[in-house]
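Coordinate analysis (summary)
Here are the chains, one letter per residue:
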Amino acid sequence: MEVVDKAKLPYVYSADELISMFLAAYGREEARGSEAEPAFVRQKRLEIRRIVTSGKTLAATLREMALRMPFLDKLHPFYRELIDVAFGAQNYKHVVAKVGNAQVAIRAIAKEAITAVRTAPDKKGILEAKRMYKARIIDLLNDLKPELDKMREIVVFLRRLPSVDPNLFTIVVAGAPNVGKSSFVRCVSTAKPEVAEYPFTTKQIHLGHIVLRGDKVQVVDTPGLLDRPLSERNQIERQAVLALKHLAGAILFIVDPTPHSGYSLETQLNLWREIRESFPAPAVAVLNKVDIATEEEVKKAQELFSPIAEMSTANCQGTKDVVDYILNKYYVPQALEKLRATARR
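Scope of this entry: the structure provided in the associated data block.

A tally of regular secondary structure across the protein chain gives 11 helices and six strands. Taking 2.2 N^0.38 as the reference for a compact globule, 345 residues should give roughly 20 Å; the C-alpha atoms of the protein chain span a radius of gyration of 29 Å, well beyond that estimate. Across the 345 residues of the protein chain, 48% fall into the buried class. Put simply, the protein chain shows about 17400 Å² of open surface, and 52% of that area lies on carbon and sulfur atoms. For the protein chain, the separation between the mean place of its 51 positive charges and that of its 42 negative charges on side chains is 9 Å.

Structure follows, in structure tokens:
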């Protein structure tokens, strides 16, 4: 399965930019040939060269733009479903196909224009063929404007995505808004997501890394998940679900035992149950904000969640122990098995 290669993503020209490119390519061609040739013959040759050059330039540009877009069916499910969530898989395919197939229409228009120039009986006929060619190409590009705008929007979206490697072991950090997910990722990895005391502080999936004896482990900070069915979730919440489903080597569910997050323990417990029931990856819970939680709040959360540890992301206390637990229990056995498999070959 392929991943989104940001270096290969195209620059998406607007319809106006393509029209300017087309007209510039058309106008660059100058008259050639012997002065002894009749002016009418030289004009025909000039117009044909202009049509060929401008048509090829435009067709090649559109073809290149389409070919540099990720091929949806070959993408890793993580990327494929993110695109589907954001834009719709069929709409994505329609946009790329229409931009790519425009080259066929351009070549057909150019071919007809060349025939019209060659068969023109006089100068007026050449000018009419020229006018029709330019008008048809410009109409085609204007008609392509919605798809070009949408393709540019898609490329911007893809460039902003973290460079997730589905082949790396990934710890997905989950939990209700404001429980300390972004702070945890900041404590244990290279990622520095926005940390603020308001819901949905993380607007997209953020990625960090832990270097372990030369290997990399990914840590993904997901947007806040609310206690609602998947069909009722908004786009941000669905992104988190996609990360859990396709990336997780292990899920770390952070619990806030205090009332500060705005989500009760019962609400968080329902979410915890949903995650464990819906996703195959192993999941563990950890209590956060124990530095400000009361003894009673901690005790109640312990009874409900059976956490593996307690921590405070405000000062990163206990966060390393949490990571070590997950890596030793879930990552190290996988890594050893891979080494054994390699040795058996």
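From this point on, the discussion continues.
Moving on, we come to the nonpolar core. Counting residues in hydrophobic clusters, the biggest one holds 77 residues, and the most contacted among them are Leu62, Tyr133 and Phe305. Broken down by element, this core gets its largest block of residues, 12 residues, from helix α4 (residues 89–118). Ignoring anything within four residues of it in the chain, the contact list for Tyr133 reads Phe22, Tyr26, Ile51, Ser54, Gly55, Ile109, Ala110 and Ala113. With 25 residues, the next largest nonpolar core counts Leu212, Val219, Val286 and Val323 among its residues.

Moving on: the pairing of strand β3 (residues 215–221). Every other side chain in a regular strand lies on the same face of the sheet, so the side chains alternate between the two faces. Within β3, five of the seven residues are buried, which leaves the element mostly enclosed by the surrounding structure. Pairing between strand β2 (residues 206–212) and β3: seven bridges, direction antiparallel. Of the residues in β3, the one forming a bridge with Leu212 is Asp215. Turn length for the β2-β3 hairpin, with the two strands adjacent in sequence and antiparallel, is two residues, and the turn residue Arg213 shows positive phi of about 50°.

Our focus in this paragraph is helix α3 (residues 77–87). Buried within α3 are the following residues: Pro77, Phe78, Tyr79, Leu82, Ile83, Val85 and Phe87. Following α3 by one or two positions, Gly88 has its phi on the positive side, about 90°.

With that out of the way, let us pick up unusual backbone geometry. Backbone geometry places Asn178, a non-glycine residue, at a positive phi of 70°. Take Asn178: it is sitting in the loop between β1 (170–174) and α7 (181–188). The buried category is assigned to Asn178, whose relative accessible area is 14%. Its identity as a non-glycine residue notwithstanding, Lys289 has a phi of 60°, on the positive side. Here Lys289 lies in the loop between β5 (283–287) and α10 (295–305).

Attention shifts here to the sheet that holds strand β6 (residues 309–310). Here six strands make up an open sheet; going across it, the order is β2-β3-β1-β4-β5-β6 and the pairing mixed. Each having just a single partner strand, β2 and β6 make up the two edges of the open sheet. Where β1 lies against β3, four bridges are found, and the strand directions are parallel. Within the sheet, the bridge partner assigned to Val172 lies in β3 and is Val220. Across the face of the sheet, α7 comes into contact with β1, β2, β3 and β4 (250–255) while running at roughly 160° to β3. In the packing of α10 onto the sheet, the strands contacted are β4, β5 and β6, and the crossing angle to β5 comes to about 175°.

Conventions and cut-offs
Residues numbered from 1 in each chain as written. Predicted model: local features only at pLDDT ≥ 70, side-chain atom pairs only at ≥ 80, totals over all residues. Heavy atoms only, no water. Helix = DSSP H or I, 4+ residues; strand = E, 2+ residues; numbered from the N terminus. Rg over C-alpha atoms; globule rule 2.2 N^0.38 Å. Buried < 20%, exposed > 50% of the residue type's maximum accessible area, 1.4 Å probe, protein only. Areas by Shrake-Rupley, 256 points an atom, 1.4 Å probe, with all protein chains shown as cover. Lys, Arg positive; Asp, Glu negative; His and termini not counted. Charge placed at Lys NZ, Arg CZ, Asp CG, Glu CD. Core = buried A, V, L, I, M, F, W, Y, C linked by side-chain atoms within 4.5 Å. Contact = heavy atoms within 4.5 Å. Pairing = 2+ DSSP bridges. Axes fitted to C-alpha atoms, helices over the stretch in contact; angles between N-to-C directions.

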